[in-house]
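A structural walkthrough
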Amino acid sequence: MEPATTKPVATKRERYYRQSLGAVYGRIKQSRVLMVGAGGIGCELLKNLVLTGFAEVHIVDLDTIDLSNLNRQFLFRHEHIKKSKALVAKESAGKFNPHVKLEAHHANIKDPQFNIDWFASFQLVFNALDNIDARRHVNKMCLAANVPLIESGTTGFNGQVQVIIKGKSECYDCNTKETPKTFPVCTIRSTPSQPIHCIVWAKSYLFTEVFGTSEDEVPEFDHTEDSENAAEIENLRKEAHALKEIRQSMGSDDFPRKIFEKVFTDDIHRLRNMEDMWKMRQKPTALDFETVSKSNGGEVGDSVAKRDQDTWNLAENFTVFCDSLRRLSRRLQQAQGGEANGVSHVLSFDKDDDDTLDFVASSANIRSIIFGIEPRSKFDIKQMAGNIIPAIATTNAMTASLCVLQAFKIMRGDLNKAKMVFLERSGARVVNSESLRPPKPDCPVCGIMSSRLVVDPLRATLNDLVQGILKSDLGYGDEFSINNEVGTLYDPDLEDNLSKKFSELGVGADSFLTIIDDDEENPRVNLSLSISEKSLPEDSKPVVLSQSLDIPRKRTVDTSQAVEHTNGTTEPPAAPGKRKRAGSSSLDEPGIEGQKVAKRGKVQDTDQEDDLILVDGPSQGAIVIDD
Amino acid sequence: MTARPLTPPPLQGPTAKEKKYDRQLRLWAASGQQALEDAHVLLLNGGSPGVVGVETLKNLILPGIGSYTIVDGNVVAEKDLGINFFLTDHSLGKSRADETCKYLTELNPDVQGYPVQKSLRDFLGSAIPSDAPDRLSSLTNPNALDKYSLVLFVASKQNYPLLRLVSSYCAAKALPLFYLHSLGLFSHFSTQLPDPFPIVDTHPDPTSTQDLRLLDPWPELQAFAKSKTENLNTLSNHDHGHVPYLLLLLRFLTDWRESHDGNPPSEYREKKEFKSLVESKARTDNPEGGEENFDEAAAAVLKSLNKPSLPSGLRQVLEDPSSKQLQQDSANFWLIANAIQKFHQKHGSLPLPGALPDMKAQSQDYIQLQNIYKAKSRRDIEEVTNSLRSTEADLKRQTPVEAKEIESFCKGAAFVKLIKGQPLPVYAPNAKAPPTSLQNILDDEDSLLPIFLAFQAYDHWLHENSNTTPQTDPSAPFSSSSSSSSEEAKPPLEALKQSATQTIDLNAAGDGPQINADDIMPRIEPILAEFVRAAGAELHNISALTGGMVAQEVIKVLTKQYIPIDNTCVFDGIASKSAVFRL
Ligand SMILES: [Zn+2]
């Protein structure tokens, strides 16, 4: 590599973008920006930022490189598999462009080191993330630090870019995100009727009980109907317990047989005996281990497992089931054996881990056969079990470039010209943009006031905030509460904490307090205070606001706008599995390229992976292209 | 005991590859991937700086096209380094084809890259008579492009004669051709697809593909509906709330016909009435206060109660002469189209796709319903297959069309699309702006068509000035002969405006609507001004975006899946908008 080139040369190579960008180029050259996520969009974005002349780019990503990234994340090669995305991206992009300062953090963006001050040190933040949780976090931090955020996501051929500027445009949370799909426990455990029910059973129940940490709480399970089926829920609990007993015999020759007979013979017999359950449904058929094993056509399990596009018959599923069960048992035991003692190892389902996928695919299919449901190919099951979002280079390339075009507007100060941009598979538009919409007044994240609260950790008590700031300075009445992520610290009926210091209450630097005004007449919007610790002079109050605040009052919310229609067409019939259920718990964060999908004129709030789960239903949340 | 296979499956074999491509196989399946891997893409990158072509290739190499060739006679200059990601400081002074090829190939070891350090003129053939630019014989080697599956032509100074040559060659050989521009904040590409270019697997929206035949039920379906709804009123609440909505609709349709001279609800008003009728039959005295299956039935009325009709895309296919006059060497596509045409003639409907939407139902009923649809679908496909086999015999064809191909055509028949490729809409000395385009600009003040006209004017200007600049430095389109290292000369705005006016006037002189160039020029001028400011420079970011768009269309064309852009797309980097036109 050549040493840093002399200035005239650097100027020469800048010619093209100087010519094209004009005045804004000067600002770009001085800028310091943050890119959260170095995956599909991130790789493209980093290339574009570097070749547009951005001076300093920080990259944060917790992820490591996987084989399935290589079809699009072009800064990574085969030899980088299992290495840090952030570090390799920095290395690869830097190699081609020695003139830009790149800094990489192989870390979680939620780590405390990335506090508000740190966020505030950037002119601009790009979200190139793959999960809702991190997106929401960055959204919150950027609002608190008052830094413009360019949020992006892709799904297959579709992409979306959204510019988020505090007080000027909708934030990420202005539109509620639909919670991922859940199923009633009884549907999964007792009365499946679709392939997805059996897949969820295999992945979230059977696999977890046999190889994972068996916890009562499985995110895909919806417990709202439990009370109606108390007796059956109790039975199911016993069933799970018995399965756990069998786990002790892992590694023995008859382990597959024991598992098989438990879940495909005995449990099914028990279900069949519950006559009430089958009045309206077809009874499941219990399988006999001996019979099924004799029907085996002679092909070995790992050979069948390679034919992932074929739908396997019962015998084939059986041989994959036994084979993968042995493979997984061996792995778990080897891991256990390596440890001194006491540490218990678990395996977790990973769609790209063939052993786990083979087990889930074959047991899901065997269960489907038992219940008269159509089996699926391993390829399909991988998508359904793994919440796979299709991802390609072209969409990422376009989406990342659209992010940079929006960055130009922000760098130029043309916030009014910033857009929400949508990318579609086809039709007359392909790329379309619309003006940003103003923040939603009732948004729980940005429809609030936020400020920094400087606290002297040695002296400050909660009362210093209640009396010294909220009541005297800001004019709060008696009806309000102070909350943090743990719970309520203060309200008119909870005064015990007033004399306690912030540290005693666990309120430290970079944590947040939310003040909720409960005034009946005209309540203020919520006030979010982010804590900075600093020893303050003796003559100063022990708690001070970093700025004077004029807190607006809550507006009444017009709920009539809450319903958004799709393209003016009649709604397709709702699929039974898709109905939202109250109080549904959420799925774990799927490893996907992006949740939000574009729909002209509105943000589609449906989670895309949701649609992919239900492959045999009308994909209601899918993007309808009306051209 | 089972015997082990003789040779153990390779560890790093198809499985690793499948894993690498997993996320895209979800979009175009193994068949699409195979088509990509069989393809050889040719990039004619004579222009400067040509980043848009390289970025396009990047997006084709990652998903695994078989091979690519870059033809580029330029040498890497300092200014290339700041804009082309696939060059390093060490590339300076070396062949740009070699260097970009070297770094691009690192992206994917499965892909073969071939650099050709030749000017386009040398590559295509030296003697191009100016009076007969489209004569194929003027290629030194008339088969020079035969091994390629698709050609990308990046706009360059030497455009016109070479582009015309490549365009007519590609048309004659049914080779898809893309023509690309990226300049400042604007870009454009046009496609020249073969005629005909049929697409079977268009990936329609899954909700639109359901063909339920509610107005035309076959006996098995009718019988099942009858058996499940005969005693509708006496069913228990549970059963009543679980009758699949399709069967409810079939039942109420039977009732409706009885009171309407045997006719189903046809116009909107009747359908509304029918919908109310369905809604009124739901039980509301249950704990839920309603029934989901009835909600589903009511919601489906407007959408699902349509007489089967022949979609225009398919009609075009079936009426195409190639489908009617089969030859021994006709493509499989036409053979199947012919068999489907016969099926449609006989039954007045297409083969049933057989897919069923999800619905509230007992699983047993749902499965039975599914089986009824599938069985009918299978029978229909069988009938098409039989008629096709007898045609094959008549034509004495050697290799039968694969059953899989027939099946996928039958299942997607309603969405089959035929594109009649047409010549590239590009500059020619006497070219007219597309007939309807000028009116379009006047009618729609947001139209992005001025971008296309601006690029046309730009090409025109380049062509007019191609003889006054030395041929030895094709990489610098605006350099005057004297200044080699200093700032390149900018295209004069006035000259570009003149070119644009000429194009418009030429068109306005025809039979079309009377259009005054003065009305349109104000829309084109700002774009020309941006061209002047950019002075021939590409913005990496715009070329990256355009490279994404072009590659996406290339993938559609190579896989023959999804409907590609036909035939022109422009992008406006100021408004972040694109538009597609058929010109
Ligand atoms: Zn908000």
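So, here is what we can say about the structure in this document. Quantities reported herein were computed from a predicted structural model and do not represent experimental measurements.

Rules used throughout
Residues numbered from 1 in each chain as written. Chains lettered and ligands numbered in written order. Predicted model: local features only at pLDDT ≥ 70, side-chain atom pairs only at ≥ 80, totals over all residues. Heavy atoms only, no water. Phe/Tyr/Trp six-rings, centres within 6.5 Å; stacked < 30°, edge-to-face > 60°. Helix = DSSP H or I, 4+ residues; strand = E, 2+ residues; numbered from the N terminus. Buried < 20%, exposed > 50% of the residue type's maximum accessible area, 1.4 Å probe, protein only. Pairing = 2+ DSSP bridges. Right-handed = clockwise from strand over helix to strand, strands pointing away. Donors = N, O, S within 2.8 Å, 3.2 Å for Na, K, Ca; no water. Tetrahedral: all angles 85-135°; square planar, octahedral: opposite > 155°, others 65-115°.

The next subject is the packing of aromatic side chains. Scanning the model with the defined rule gives 32 aromatic pairs over all chains in all. Taking 6.4 Å as the distance between ring centres and 80° as the angle between the ring planes, the aromatic pair formed by phenylalanine 207 of chain A and phenylalanine 349 of chain A counts as edge-to-face. Remark: phenylalanine 349 of chain A occurs in the loop between α13 (314-337) and α14 (354-370) and phenylalanine 207 of chain A occurs in helix α8 (residues 195-211); sequence separation between them is 142 residues. Relative accessible area serves as the criterion here: at 2%, phenylalanine 207 of chain A is assigned to the buried category. Owing to a relative accessible area of 19%, phenylalanine 349 of chain A belongs among the buried residues under this scheme. Here the aromatic rings of phenylalanine 85 of chain B and phenylalanine 86 of chain B are separated by 5.4 Å at their centres, their planes lie at 80°, and the arrangement is edge-to-face.

As a further point, take the pairing of strand β1 (residues 40-44) of chain B. Residues and elements named next belong to chain B. With respect to burial, β1 is a largely interior element, 5 of its 5 residues being buried. Burial of the side chains of β1 extends over both faces: His40, Leu42 and Leu44 are buried on one face and Val41 and Leu43 on the other. Relative to strand β2 (residues 67-71), β1 runs parallel, the two being bridged by 5 bridges. Each bridged residue has a counterpart across the sheet, and for histidine 40 the counterpart in β2 is serine 67. Regarding the hand of the β-α-β motif, the stretch spanning β1, helix α3 (residues 51-61) and β2 is right-handed. Judged from the 4 bridges that link them, β1 and strand β4 (residues 150-154) form a sheet pairing that is parallel. In the sheet register, leucine 43 faces β4, and the bridge partner there is leucine 152.

With that settled, consider the coordination of the zinc ion. All names here are of chain A. Here the zinc ion is held by Cys171 (SG), Cys174 (SG), Cys443 (SG) and Cys446 (SG), and the distances to it run 2.2 to 2.3 Å. Because the angles between the 4 donor atoms bound to the zinc ion fall within 95 to 122°, the donor set is best described as tetrahedral. The motif formed by the donor residues of the zinc ion, counted along the single chain, is C-x2-C-x268-C-x2-C. Of the two residues, cysteine 174 is situated in the loop between β6 (158-164) and β7 (183-184) and cysteine 443 in the loop between β10 (431-435) and β11 (449-455); the sequence distance between them amounts to 269 residues. Residue class for cysteine 174 comes out buried when judged on its relative accessible area of 9%. Residue cysteine 443 is classed as buried on the basis of its relative accessible area of 3%.

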